[in-house]
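Working through the structure, step by step
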Amino acid sequence: MLQSVLSSLRKVVADPDVAIDLGTANTRLYACGRGIVDVPSSIKISNRKDSNETSNKEGVISKVDSLPKSILPLQAGVIKDVDAATYLLTPLLQKVRRLGLIKPHVLACAPTDATKEERQALVEATLRAGAAKVIIEPEPLAAAIGAGLDISSDYAQMLVDIGDGVTDIAVIRSNSLITAAATRIACSDIHTAIQNMVLKQYSLSLSLSEAEQLTKKIGVLPVTSSNSIQKISAINPITNQQVVAQIKTEDINQAILPVINKIVTTICAVIRDLPPMTSCEVIENGICLTGGGTCLPGIQEFIAEKTLLDIKPATNPMHAVINGARQMLNLRMTTGFWTT
């Protein structure tokens, strides 16, 4: 009875509980009753000559000497700078505040290969940003729920989540990950490969946004006469002038393929190492594909060709993790299960 009263009281005076998908490129946050917030995983710090410290409006202090004007708190799917991650998360948690008498509980997602130290960095940044308690769930498990898979099934199901910084692979049965593997190769590596190719072969500096646009347009689709040439806007590093140039689509393909092949090699290795019965179940069910990499033109057909399995993309692949985390959060709120 007392526990029920305390739970009801908390719902009234506490900030809403929150689910977070802290990704390399984008951070997505869901707060009960407030919907989903989607922002880039980057922060900007204004340097001040009259002080060696600066703070955002929520009071998070950062050394301007140690933080450049623009910084990415995450790399390869995990936090590389706790201070910067705190700076990123604080205003997001502030946005969903209600009375603020009791801090929110937070459910956060992490790659399956995250080390103890990397998981602790996620917990620390979230607590410093204003959480009362943090629990961590595996990203592919949340993605599977968000993609609509019946994770309670007795038959093994395989999911591949291709994000910006990490590709996470999991085989799920009876609400548990029975096999998981991750490779820190994903979409950001594709963008870098295109930038390196343009610099090496065309002596031009290509911005990240231009590389992203080429990735979204070309992907691993076959080269045809109608798309054999792509127009780009780049910088001549010698003159530092912006120029418009033409590059071969085939060169873009050749830059992308090694990255895609590394991802597919990891997928095939996981399948190869499965026990015979589990392997048969995965072959029967195919692979569910989530993450931003799902939207890469030709990727579904490429993986299907290499694995000989059916590829089933999620309806909303980029939001599969946060949608799954939202459902997990709501379940924990209903059951009152907030143990760490």
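The structure reproduced in this document is the subject of the present report. (Residues numbered from 1 in each chain as written. Predicted model: local features only at pLDDT ≥ 70, side-chain atom pairs only at ≥ 80, totals over all residues. Heavy atoms only, no water.)

**A word on the environment of Leu72**
If you trace the backbone, Leu72 turns up in the loop between strand E7 (70-71) and strand E8 (74-75). Overall, the relative accessible area of 44% leaves Leu72 in the partly exposed class. When the C-alpha positions of Leu72 and Ala25 are compared, they lie 8.3 Å apart, and in sequence the two are 47 residues distant. If we skip the residues at most four places from it in the chain, Leu72 touches Ser41, Ser42 and Lys80. (Helix = DSSP H or I, 4+ residues; strand = E, 2+ residues; numbered from the N terminus. Buried < 20%, exposed > 50% of the residue type's maximum accessible area, 1.4 Å probe, protein only. Contact = heavy atoms within 4.5 Å.)

**Considerations on the packing of helix H7 (residues 249-272) against helix H9 (residues 299-307)**
For the pair H7 and H9, the least separation of the axes is 10 Å and the interaxial angle reads 45°. One way to sum up the angle between H7 and H9 is to call them oblique. Pair H7 / H9 crosses with right-handed handedness. Contact residues: Leu257, Ile260, Asn261, Val264, Ile267, Cys268 and Ile271 in H7; Ile299, Phe302, Ile303, Lys306 and Thr307 in H9. Across the contact of H7 with H9, the residue classes tally to 9 nonpolar, 2 polar and 1 charged. (Axes fitted to C-alpha atoms, helices over the stretch in contact; angles between N-to-C directions. Parallel < 35°, antiparallel > 145°, perpendicular 65-115°, else oblique. Left-handed = near helix turned anticlockwise from the far one by under 90°. Nonpolar A, V, L, I, M, F, W, Y, C, P; charged D, E, K, R; others polar.)

**Re the sheet that holds strand E18 (residues 311-313)**
With mixed pairing, the 5 strands of this open sheet are ordered in space as E14-E13-E12-E17-E18. Here the strands that pair on one side only, and so sit at the sheet edges, are strand E14 (176-183) and E18. Sheet twist, expressed as the average angle between the axes of neighbouring strands with direction ignored, equals 25°. Across 3 bridges, strand E17 (residues 287-290) lies against E18 in parallel orientation. By the bridge assignment for E18, Leu289 is matched with Pro313. (Pairing = 2+ DSSP bridges.)

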